[in-house]
Number of protein chains: 4
Amino acid sequence: MNITLAQAEAAIAAAKIKAAEINTKMDICVVDPGSNLVAFARMDGAWLGSVDISFKKAKTAAWFTMDTAALSALVQPGQPLYNIEHSNGGLITFPGGVVIKNTEGEVIGAIGVSGSTVEDDYKVAVAGAAVVQ
Amino acid sequence: MNITLAQAEAAIAAAKIKAAEINTKMDICVVDPGSNLVAFARMDGAWLGSVDISFKKAKTAAWFTMDTAALSALVQPGQPLYNIEHSNGGLITFPGGVVIKNTEGEVIGAIGVSGSTVEDDYKVAVAGAAVVQ
Amino acid sequence: MNITLAQAEAAIAAAKIKAAEINTKMDICVVDPGSNLVAFARMDGAWLGSVDISFKKAKTAAWFTMDTAALSALVQPGQPLYNIEHSNGGLITFPGGVVIKNTEGEVIGAIGVSGSTVEDDYKVAVAGAAVVQ
Amino acid sequence: MNITLAQAEAAIAAAKIKAAEINTKMDICVVDPGSNLVAFARMDGAWLGSVDISFKKAKTAAWFTMDTAALSALVQPGQPLYNIEHSNGGLITFPGGVVIKNTEGEVIGAIGVSGSTVEDDYKVAVAGAAVVQ
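A short tour of the structure in this document, coming up. Everything quoted here is computed from the prediction, not taken from an experiment. (Residues numbered from 1 in each chain as written. Chains lettered and ligands numbered in written order. Predicted model: local features only at pLDDT ≥ 70, side-chain atom pairs only at ≥ 80, totals over all residues. Heavy atoms only, no water.)

**A word on the relation of the copies chain A and chain D**
Point 1. Least-squares fitting of chain A to chain D yields an RMSD of 0.1 Å, with the transformation described by 0.1 Å of translation along the axis and a rotation of 93 degrees. Taken together, the turn and the small shift mark the pair as related by a four-fold rotation axis. Measuring from the rotation axis to each C-alpha of chain A, the shortest distance belongs to Pro77(A), at 4.5 Å. (Least-squares fit on C-alpha atoms with pLDDT ≥ 70 in both.)

Below, the structure is given as structure tokens:
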């Protein structure tokens, strides 16, 4: 099961609403379970450097079928996955990449958000993922 | 003057309508004049390999402020720009990348379309660019 | 529908038999429909440079859901897709990448073979693809 | 002395058995002493992001003729090889890459395993390496 474009666009629309609500400007990327791009939007004035970060957050979540926030503790110095970011052409391992599941709990894609604090990024990603079922 | 996200989304919407009208499935990318991504959509069932081609068509058009079709003759063996595709991490120099201008004629972005024949790709790109003013 | 590892290994086993039969040494790669690697084998003495070519043949076939041989005429100088190989981190557009379909005709993966003439590469790829259903 | 494809396939078969035994799904890669790929298998359902990690673990072990676990302490902040991961297109310096030796103790290849905890990855890599002699 792969996320459809209509679902990806719904996720981006919901993410944009949440981003505006908390007064941020975000780059928002949606990928399928194979980490191939489905849809993307850069809100006016959002950081250019966050385009690629949103890609890598979405891809990292899809590649490991887990939110990027779940990796953050494991990749610190001295921890088991230290410097895993050098794989796959670059991972992002801080919050803002969130898996998207259907009602059966299957991962059908992932959303990556970047453009503000990681707390804000995470909130907006969750808002986007929540509307897809 | 940079294309806005709303304009980019309008271009993608128009491109999707044209793509459906001619019975194709397209990857559609919009960039700003700095060749930075603004918006992207992969229609359900469109080729995965066309994601990157749509990016490179849009970027190539923006980098040189001309439609990619204008480059095709110049890059052939023996011609002045032979193998220019090796620059910029990869150019695409066949039709389907089209500049987007405002009513004053300024380039405010570019659209790249890939997923069918180059004739179809070009038609869909033009349809997308036409709605932005 | 994604090819399973058991199916990919069966394809590689069949490809190896065919390769030996025609007295060649091949690199053989199988990917899923998202162009992610499933299985690979380099026969003893096969060219090292063919490892990556087998990857790119399999990926190219999966990305465009067509055999790489179907692209060869289109990418020549003066033809519509000239220099498309600069996309996707490098395509291979000569024979040896073959899509793998299930009995319903859906593309479930692709096999890429490199190590001899393109005619031999193609024969071995077809032999590998043929055993998966 | 280079590992043969038959030996590499035996290593992967043993690694798959151990992976199943400890209820994990692994990406398993075998390279020769020149860090060139010999064989690879992604178990059904194993992380896509672990394909490249298994490659980099195997290559790192082969490039330095030592298990990747031997590097972990040396690459920490303040330690002698801090950020060595930036070389060679990306190293992985946590456990799961294991050298493969013949009965004379010569390194004939390396195996890289990724898909679970680093402890599990290491166990499976050792199980794979152990059957080659």
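Following the structure, the description resumes.
**Structural notes on the interface of chain A and chain D**
Point 1. The interface is formed by 16 residues belonging to chain A together with 20 residues belonging to chain D.
Point 2. Both sides of the chain A and chain D interface together cover about 1400 Å² of buried area, and 63% of this is carbon and sulfur.
Point 3. In this assembly, chain A and chain D are joined by zero salt bridges.
Point 4. Considered class by class, the residues forming the side of chain A that touches chain D number nine nonpolar, seven polar and no charged. (Contact = heavy atoms within 4.5 Å. Buried area = accessible area lost by both parts, 1.4 Å probe. Salt bridge = Lys/Arg side-chain N within 4 Å of Asp/Glu carboxyl O. Nonpolar A, V, L, I, M, F, W, Y, C, P; charged D, E, K, R; others polar.)

**Things to note about the packing of helix H1 (residues 5-21) of chain A against helix H3 (residues 118-130) of chain A**
Residues and elements named next belong to chain A.
Point 1. Two elements in contact, H1 and H3, have axes separated by 7 Å at closest approach and are oriented at 140 degrees. Classed by the angle they form, the pair H1 and H3 counts as oblique. The handedness of the crossing between H1 and H3 comes out as right-handed. Seen from H1, the contacting residues are Ala11, Ala14, Ala15, Lys18 and Ala19; seen from H3, they are Lys123, Val124, Ala127 and Gly128.
Point 2. Counted by class, the contact of H1 with H3 contains six nonpolar, one polar and two charged residues. (Axes fitted to C-alpha atoms, helices over the stretch in contact; angles between N-to-C directions. Helix = DSSP H or I, 4+ residues; strand = E, 2+ residues; numbered from the N terminus. Parallel < 35°, antiparallel > 145°, perpendicular 65-115°, else oblique. Left-handed = near helix turned anticlockwise from the far one by under 90°.)

**Thoughts on helix H1 (residues 5-21) of chain B**
Point 1. Taking 1.5 Å per residue as the helical rise, H1(B) with its 17 residues ought to reach 24 Å, and the 24 Å between its terminal C-alpha atoms agrees with that figure.
Point 2. Where H1(B) is concerned, the buried positions are Leu5(B), Ala8(B), Ala11(B), Ile12(B), Ala14(B), Ala15(B) and Ala19(B).
Point 3. Residues of H1(B) that are buried in the fold lie against H1 and strand E2 (37-42) of chain A together with strand E1 (27-31), strand E2 (37-42), strand E4 (107-114) and helix H3 (118-130) of chain B.
Point 4. Trailing H1(B) by a residue or two, Asn23(B) shows a phi angle of about 60 degrees, which is positive. (Expected span 1.5 Å × (residues − 1). Buried < 20%, exposed > 50% of the residue type's maximum accessible area, 1.4 Å probe, protein only.)

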